[in-house]
Amino acid sequence: MQHAIAAVSLLVRDYDEAIAFYTGCLDFQLVEDTPLGGGKRWVLVSPPGARETRLLLALASTSEQDVCVGEQAGGRVFLFLHVDDFYARYNVMRARGVRFLEQPRQEPYGTVAVFEDLYGNRWDLLQPTKKAETVQLRSV
């Protein structure tokens, strides 16, 4: 039996502003937006071309959850967005107002730069080297 993580829950302050950021700035696709009643919605977005990976945009509904919006990884990089053409994606994202915390850099595993989403969660924009992709495939 094959296993996969289908979705990762990401706390947001507002569904519509989160959808606008992920679809407008990162080119994610809105997969589902279903009302659940009481102001809650089931909102899934995914990167272009992703077959299984989804982000569940979850509205913070308590004061404890609200404090965690943008801090789900305690200030560390939380999510990793792999791309085929780093500089093309980097330039588009910058033009759309995405805030990068550093200049692009070369690492043994690929070209990378850290950026923040609209709430301050840190992401790696990463174009893996062919060697890194091969190592990842072998370890699966």
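The protein has the name VOC family protein in an unreviewed UniProt entry, where Dyella psychrodurans is given as its organism.

Draft legend 1. Broad picture of unusual backbone geometry. One non-glycine residue, D27, adopts positive backbone phi at about 65 degrees. By the secondary structure assignment, D27 is in the loop between helix 1 (15–24) and strand 2 (29–37).

Draft legend 2. Highlighting the sheet that holds strand 2. Read across the open sheet, the four strands follow the order 1-4-3-2; overall the sheet is mixed. This sheet does not close on itself; its edge strands, each paired only once, are strand 1 (7–12) and strand 2. Looking at each pair of strands side by side, their axes are set apart by 25 degrees on average, direction ignored. Note that strand 1 and strand 4 (residues 54–59) share six bridges and pair parallel. Bridge pairing in strand 4 places L11 opposite A58. Running over the sheet, helix 1 touches strand 1, strand 2, strand 3 (40–46) and strand 4 and is turned about 5 degrees from strand 3.

Draft legend 3. Broad picture of the environment of S63. Residue position: S63 is located in helix 2 (residues 63–68). With a relative accessible area of 54%, S63 lands in the exposed category. For the pair formed by S63 and G75, sequence separation is 12 residues and the distance between their alpha carbons is 19 Å.

About the thresholds
- Residues numbered from 1 in each chain as written.
- Predicted model: local features only at pLDDT ≥ 70, side-chain atom pairs only at ≥ 80, totals over all residues.
- Heavy atoms only, no water.
- Helix = DSSP H or I, 4+ residues; strand = E, 2+ residues; numbered from the N terminus.
- Pairing = 2+ DSSP bridges.
- Axes fitted to C-alpha atoms, helices over the stretch in contact; angles between N-to-C directions.
- Contact = heavy atoms within 4.5 Å.
- Buried < 20%, exposed > 50% of the residue type's maximum accessible area, 1.4 Å probe, protein only.

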